[in-house]
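In case you want the letters, here they are:
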Amino acid sequence: MNVIAQKPKTENIIIFTMDGMRWQEVFGGIDSVILNNPEYTHEKDDIKSFLWSDDITERRKKLFPFLWNTVAQKGQLYGNRAYGNYINVANPYAFSYPGYNEIFTGYPDTAVNSNDKIPNKNENVLEFINKQKAYKNKVAAFSTWDVSPYFLNKWRSGIYVNADKDSVSFDSNTSNLINDIQHLSMKPNGERLDIVTYIAAREYLKKTRPKVLYISFDETDEYAHQGKYNYYLGAAHAEDGMMSDIWNLVQSMPEYKNKTTLIVTCDHGRGDKIKSQWRDHGQKVEDAGGIWLAVVGPDTPPAGEMKSPGQLYQKQIAATVAALLGFEFKPAIPAGEKIQSILK
Ligand SMILES: [Zn+2]
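In this text, all values refer to a predicted model and were calculated from it rather than measured experimentally.

Caption draft 1: Examining the overall build of the protein more closely. Assigned secondary structure in the protein consists of 14 helices and ten strands. Compactness check: the protein gives a C-alpha radius of gyration of 19 Å against a globular reference of 20 Å for 344 residues, within 12% of the reference. Taken along its principal axes, the extent of the C-alpha atoms in the protein is 55 × 55 × 40 Å. Looking at the protein residue by residue over its 344 residues, the buried ones come to 60%. When contacts within the protein are restricted to residue pairs at least 6 apart in sequence, those whose partners lie at least 24 apart make up 71%. Of the accessible surface of the protein, which amounts to about 14500 Å², a share of 52% is contributed by carbon and sulfur atoms. In the protein, 40 side chains carry a positive charge and 41 a negative one; their mean positions are 7 Å apart.

Caption draft 2: Expanded view of the coordination of the zinc ion. Distances from the zinc ion to its protein donors, Asp221 (OD), Asp221 (OD), His225 (NE2) and His281 (NE2), fall within 2.1 to 2.5 Å. Here the zinc ion binds four donor atoms, and the angle range of 54 to 147 degrees at the metal identifies the geometry as irregular. Read in sequence order, the donor residues coordinating the zinc ion give the pattern D-x3-H-x55-H. Separated by 60 residues along the polypeptide, aspartate 221 in helix H12 (residues 219-225) and histidine 281 in the loop between strand S7 (260-265) and strand S8 (293-296) bring together distant segments of the chain. By relative accessible area, histidine 281 is classed as buried at 18%.

Caption draft 3: Quick peek at helix H4 (residues 56-63). Of all the residues in H4, the buried ones are Arg59, Arg60 and Leu63. One side of H4 carries all its buried residues, which in axial view fall inside an arc of 90 degrees.

Caption draft 4: Here's a closer look at the pattern of salt bridges. Taken as a whole and judged by the stated rule, the model has 18 salt bridges. A salt bridge links arginine 22 to aspartate 31; its shortest N-O distance comes to 3.7 Å. Since its relative accessible area comes to 13%, aspartate 31 is described here as buried. One salt bridge in this structure joins arginine 202 and aspartate 245, with 3.1 Å as the shortest N-O distance. Of this pair, arginine 202 sits in helix H11 (residues 194-208) while aspartate 245 sits in helix H13 (residues 229-251); the two residues are 43 residues apart in sequence, bridging distant segments of the chain. Using a relative accessible area of 30% as the deciding quantity, one classes aspartate 245 as partly exposed. Among the charged side chains, a network of salt bridges with common partners joins Arg22, Glu25, Asp31, Asp272 and Lys275.

Caption draft 5: Structural context of the environment of glutamine 251. With respect to the helices, strands and loops of the structure, glutamine 251 is situated in helix H13. Sequence spacing of glutamine 251 and isoleucine 56 is 195 residues, and the spatial spacing of their C-alpha atoms is 30 Å. In contact with glutamine 251, not counting residues within four places along its chain, are Lys257 and Asn258. A polar contact of 3.3 Å, which involves the side chain of glutamine 251, links it to the backbone nitrogen of asparagine 258.

Caption draft 6: View of the sheet that holds strand S5 (residues 160-163). Spatially, S5-S4-S6-S1-S7-S8-S2-S9 is the arrangement adopted by the eight strands of the open sheet, whose pairing is mixed. Strands at the two margins of the open sheet, each flanked by one partner only, are S5 and strand S9 (304-305). Taken strand by strand, helix H14 (residues 317-324) contacts strand S1 (12-18), S7 and S8, and its axis lies near 170 degrees from that of S7.

Caption draft 7: Structural context of the packing of helix H3 (residues 44-51) against H13. Running from amino to carboxyl end, H3 crosses H13 at an angle of 30 degrees, the nearest separation of the two axes being 11 Å. Of the possible angle classes, the one that applies to H3 and H13 is roughly parallel. Here H3 runs over H13; the crossing is left-handed. Here H3 contributes Ile47, Phe50 and Leu51 to the contact with H13, which in turn contributes Asn230, Leu233 and His237.

Caption draft 8: Local environment of the packing of aromatic side chains. Applying the stated rule across the entire model yields 22 aromatic pairs. Plain terms: the ring middles of phenylalanine 104 and tyrosine 214 are 4.6 Å apart, the flat faces sit at 55 degrees to each other, and that makes the pair tilted. Here phenylalanine 104, found in helix H6 (residues 96-105), pairs with tyrosine 214, found in strand S6 (residues 212-217); they are 110 residues apart in sequence, far enough to count as distant. Residue tyrosine 214 is classed as buried on the basis of its relative accessible area, which comes to 0%. Through a chain of ring-to-ring contacts, three or more aromatic side chains come together here, namely Tyr97, Tyr100, Phe104, Trp145, Phe151 and Tyr214. Over the ring of tryptophan 52 we find lysine 48; its NZ or CZ atom is 5.9 Å from the centre of that ring.

What counts as what
- Residues numbered from 1 in each chain as written.
- Predicted model: local features only at pLDDT ≥ 70, side-chain atom pairs only at ≥ 80, totals over all residues.
- Heavy atoms only, no water.
- Helix = DSSP H or I, 4+ residues; strand = E, 2+ residues; numbered from the N terminus.
- Rg over C-alpha atoms; globule rule 2.2 N^0.38 Å.
- Buried < 20%, exposed > 50% of the residue type's maximum accessible area, 1.4 Å probe, protein only.
- Contact = heavy atoms within 4.5 Å.
- Areas by Shrake-Rupley, 256 points an atom, 1.4 Å probe, with all protein chains shown as cover.
- Lys, Arg positive; Asp, Glu negative; His and termini not counted.
- Charge placed at Lys NZ, Arg CZ, Asp CG, Glu CD.
- Donors = N, O, S within 2.8 Å, 3.2 Å for Na, K, Ca; no water.
- Tetrahedral: all angles 85-135°; square planar, octahedral: opposite > 155°, others 65-115°.
- Arc of directions from axis to C-beta.
- Salt bridge = Lys/Arg side-chain N within 4 Å of Asp/Glu carboxyl O.
- Polar contact = N/O pair within 3.5 Å; in protein donor to acceptor, adjacent residues only side chain to side chain.
- Pairing = 2+ DSSP bridges.
- Axes fitted to C-alpha atoms, helices over the stretch in contact; angles between N-to-C directions.
- Parallel < 35°, antiparallel > 145°, perpendicular 65-115°, else oblique.
- Left-handed = near helix turned anticlockwise from the far one by under 90°.
- Phe/Tyr/Trp six-rings, centres within 6.5 Å; stacked < 30°, edge-to-face > 60°.
- Lys NZ or Arg CZ within 6 Å of the ring centre and 35° of its normal.

The structure is reproduced here in structure tokens:
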């Protein structure tokens, strides 16, 4: 039989990463054990009145309204272990740079084993897409963490990367305002706020209409390490709102409407079995390799929460991103296969 692959409807992709965001809260909402520990949750009553429900499906919807109202209706969510649905990092490290390397290059690399500012030797899928004719100079990344330019190797890859202290310069009024907020705001984590990363990315999208846009958030990981559960939840909830905001925006723009796939994932998980380890991740934390993945777009069947047992890996995301645009991403080293259920 002569099978002619149907061309995907996706022409644009927006990728979000939430650094170290646990699958436990994505699928279960607030964890009551951590919530009720005063060491981790200050002003418990405030966060409870805002984000708590005794019902787990209501609870996760309160924390992540965009994921559970929009993506769950129109797209797919992978990683609920209650159904035996797994997605994990394939790298042995369960921390940031190895995770981002795996997401974007399509394979774990044991030579990528620190968060040091070393330009990544491996080609990434954004770089690969930027080499395709219709996508040249149409791929951009905005990041809170200042190591993103290194894992994406902006010097070689040729994609536009704007991170942490980088200012923006696309339109005098808007960019001056964004730059002022960036430079004058409090920086509780020593880097620009995720909202600044987001607004800079959103205005860049309006101004230059990239076809692939990557937005990299960091606050969830920072607040988790600090043991501030209310801030970790607040950051997660705010970032869900930013995803909703950009999804609504692109659905109002003819270049993007019904032609854009949105993907959300994380670089690593965190501990859970030993409850105090919710703050931590890495090789020594048993649960830290567990991640999650959410996808919504015109090529993805609206299966919602994936309830069939299975095992996917972070290394499969790169090939999936390429396949959604109709490309086959084949790095020199055998990479993860695309996730077939995300494509019609
Ligand atoms: Zn971390």
